[in-house]
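Structural description and commentary
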Amino acid sequence: MSTAKKEYKRITTKSLVEMKKNGEKISMLTAYDYTMAKIVDGAGIDVILVGDSASNVMAGHETTLPITLDQMIYHASSVVRAINRSLVVVDLPFGSYQSDPKEALRSAIRIMKESGAHAVKMEGGKEIKESIKRILHAGIPVMGHLGLTPQSIYKFGTYTVRAKDKDEAAQLKDDAKMLEKAGCFGIVLEKIPAALAKEVAESVSIPVIGIGAGNGVDGQVLVLHDLLGMTHEFNPRFLRRYMNLYEDMTAAIKQYSDDVKAVGFPNESEMY
Ligand code: KIV
């Protein structure tokens, strides 16, 4: 039997389901701007998430709640202009889909039309089922998001691990089944016990992508700025930093400042 990995010129929602079937893990990362998205796409990441974590990472808000639909569309269209291969999924921001299915559909249509992205992601289970169905009926692919759902942080009160008790775990399993049945092409599971995440991934045919959900799922997602070590005050156990850019960038910028002050920059070869 050949173990060769199938090459995908462009990742679609169908490719992701196929990857799960073939046992190929899916890589997903956030990006919010053109320059970073070009690097992420070029590095071969399967899915780029224009996450509402832009609210924290790009705008400096404490939570994801303040970011607006217009701001998400701005970030998403910058990302879409950069990509050749990755599938681009955009978070529907808080307040753009919770009130009723018609509003949810209008918000999803704006994202698709104005940014050129390929799919939307929504946080929640049975409470947003009708909105999810409405968006799917319009032909817009939807990714679910269960477990720790940061848009509900004021309901939870903390960012600790979710679904540790039986009732919440049972509800999460039901919600995952509901998302699959409704027609979602994938589910993000955030910060839940690894054993529960594995059980969910094995119980549905659509890809389950984890963040703080162990390695028994079909793929992983991280926030790009965390992976690169640009953020340094956020240290959850699930985060692996592949670089320490906060320190490297600070050193480079300090060096530039010192050079300017010492008239060491520009030198002869850097002048006209
Ligand atoms: O907004 C985001 O970055 C996310 C990921 C943490 C999954 O939803």
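Bear in mind the structure is a predicted one, so any value in this text is a computation, not a measurement.

Counting residues in each nonpolar core, the largest one holds 80 residues, and the members touching the most others are I135 and L189. Sort the elements by how many residues they give to this core and helix α4 (residues 69-80) lands first, with six residues. Excluding its chain neighbours within four sequence positions, the residues that come into contact with I135 are L92, A104, L105, A108, V120, M122, I140 and V142.

Summed over the entire model, instances satisfying the criterion amount to two aromatic pairs. Seen from their ring centres, F234 and F238 are 6.4 Å apart, and the 70° between their planes marks the pair as edge-to-face. Residue class for F234 comes out partly exposed when judged on its relative accessible area of 40%. The class for F238 is partly exposed, based on a relative accessible area of 25%. Over the ring of F156 we find R162; its NZ or CZ atom is 3.8 Å from the centre of that ring.

Let us look at the pattern of salt bridges. For the coordinates displayed, the defined rule picks out ten salt bridges. Close ionic contact of D46 with R85 constitutes a salt bridge, the shortest N to O distance being 3.2 Å. With D46 in the loop between α2 (34-42) and β2 (47-50) and R85 in the loop between α4 and β3 (87-91), this pair connects stretches of sequence that are 39 residues apart. Assigned by exposure class, D46 and R85 land together as buried. A salt bridge links E114 to R110; the nearest nitrogen and oxygen atoms lie 2.7 Å apart. With E114 and R110 both in helix α5 (residues 101-115), this residue pair falls four residues apart, about one helical turn.

So, about the sheet that holds strand β4 (residues 119-123). What the eight strands build is a closed barrel, ordered β1-β2-β3-β4-β5-β6-β7-β8; its pairing is parallel. Each strand of the sheet is rotated relative to its neighbour by a mean of 25°, with strand direction disregarded. Pairing between β4 and strand β5 (residues 142-147): four bridges, direction parallel. Bridge pairing in β5 links K121 to M143. The strands touched by helix α6 (residues 129-137) are β4 and β5; relative to β4, the strand with the most contacts, the crossing angle is about 175°.

Here we take up the site of the ligand. Every residue near the ligand is listed here: T30, L49, G51, D52, S53, D91, K121, H145, V188, E190, I211 and V223. Within the side chain of S53, a nitrogen or oxygen atom sits 2.5 Å from an oxygen atom of the ligand. At a separation of 2.9 Å, an oxygen atom of the ligand approaches a polar side-chain atom of K121. Contact with the protein chains removes 94% of the 260 Å² of surface that the ligand exposes when unbound. In this structure, the ligand is accommodated by the largest pocket. A class-by-class count of the residues in the shell around the ligand yields four nonpolar, four polar and four charged.

Its place among the elements puts D52 in the loop between β2 and α3 (54-57). We note that D52 is buried and unpaired, the nearest opposite charge coming from K121 at a distance of 5.5 Å. A distance of 2.6 Å separates polar atoms of two side chains, one belonging to D52 and the other to Q151. Once residues within four sequence positions are removed from consideration, D52 is found in contact with T64, I67, M72, D91, E123 and Q151.

What follows is about the packing of α4 against α5. Helix packing geometry: the angle between the two helix axes and the distance between the axes. Viewed as axis vectors pointing N to C, α4 and α5 meet at an angle of 35°, and their least axial separation amounts to 9 Å. The interaxial crossing formed by α4 with α5 has right-handed handedness. Every residue of α5 that contacts α4 at L69, D70, I73, A76, S77 and V80 is listed here: S107, R110, I111, E114 and S115. Here the contact of α4 with α5 is built from residues that sort into five nonpolar, three polar and three charged.

Below, the discussion takes up a nonpolar patch on the surface. Together, Y256, V260 and F265 line one region of the surface with nonpolar side chains, adding up to about 290 Å² of accessible area. The topology assignment puts F265 in the segment after α11 (245-261).

Moving on, we get to the domain arrangement of the protein chain. Per the domain assignment, the segments of the protein chain are domain 1 (13-241) and domain 2 (245-272). For domain 1 versus domain 2, the distance between C-alpha centres works out to 39 Å.

Each value, and the rule that gives it
- Residue positions are counted from 1 within each chain, in the order its sequence is given.
- This being a predicted model, a pLDDT of at least 70 is required before a residue's local features are given, and a value of 80 or more before pairs of side-chain atoms are given or counted; all residues contribute to the totals for chains, interfaces and linings.
- Each side-chain value is derived from all of the structure's non-hydrogen atoms; neither hydrogens nor water enter the calculation.
- To define a nonpolar core, start from buried Ala, Val, Leu, Ile, Met, Phe, Trp, Tyr and Cys residues and group those joined through side-chain atoms within 4.5 Å.
- Only protein chains enter the accessibility calculation, which uses a 1.4 Å probe; a residue is then buried when its area is under 20% of its type maximum, exposed when over 50%, and partly exposed in between.
- Going along the chain from the N terminus, every DSSP run of H or I of four or more residues is numbered as a helix, and every run of E of two or more is numbered as a strand.
- Residue contacts are defined here by distance: any two heavy atoms, one from each residue, within 4.5 Å place the two residues in contact.
- Classification of ring pairs uses Phe, Tyr and Trp, with its six-membered ring standing for Trp, and accepts pairs whose centres are within 6.5 Å; under 30 degrees between planes counts as stacked, over 60 as edge-to-face, and the remaining range as tilted.
- Lysine NZ or arginine CZ positioned within 6 Å of the ring centre and within 35 degrees of the ring normal marks a charge as sitting over the ring.
- We define a salt bridge as a side-chain nitrogen of Lys or Arg found within 4 Å of a carboxyl oxygen belonging to Asp or Glu.
- The criterion for strand pairing is that DSSP finds at least two bridges linking the strands in question.
- All axes are obtained by fitting lines to C-alpha atoms, using only the stretch in contact for helices, and the reported angles, taken between N-to-C directions, cover 0 to 180 degrees.
- The nearness test applies per residue and asks whether one of its heavy atoms lies within 4 Å of the molecule or strand.
- We define a polar contact as two N or O atoms separated by no more than 3.5 Å, with the added condition that, inside protein, one atom must be a possible hydrogen donor and the other a possible acceptor, whereas residues neighbouring each other in sequence contribute only through side-chain atom pairs.
- Accessible surface area values rest on a Shrake-Rupley calculation with a 1.4 Å probe, where residue burial reflects the displayed protein chains alone.
- Cavity and pocket criteria rest on a 1 Å grid covering protein atoms alone: a 1.4 Å probe that fits but cannot get out defines a cavity, protein on both sides within 12 Å along at least 5 of 7 lines defines an open pocket, and an atom within 4 Å of a point defines a lining residue.
- By definition, a pocket or cavity contains a molecule when more than half of the molecule's atoms lie within 2 Å of the pocket's grid points.
- Classification used: nonpolar for Ala, Val, Leu, Ile, Met, Phe, Trp, Tyr, Cys and Pro, charged for Asp, Glu, Lys and Arg, polar for all others including Gly.
- Positive residues here are Lys and Arg, negative ones are Asp and Glu, while His and the chain termini are left out of the count.
- Two helices crossing with the near one rotated counterclockwise from the far one by less than a right angle form a left-handed crossing, whereas a clockwise rotation gives a right-handed crossing.
- Only residues whose relative accessible area exceeds 30% and that take part in no salt bridge are eligible for patches, with like-charged residues grouped when within 9 Å of each other and nonpolar side chains (Val, Leu, Ile, Met, Phe, Trp, Tyr) grouped when within 5 Å.
- Where each domain starts and ends comes from a domain assignment, either automatic or drawn from a database.

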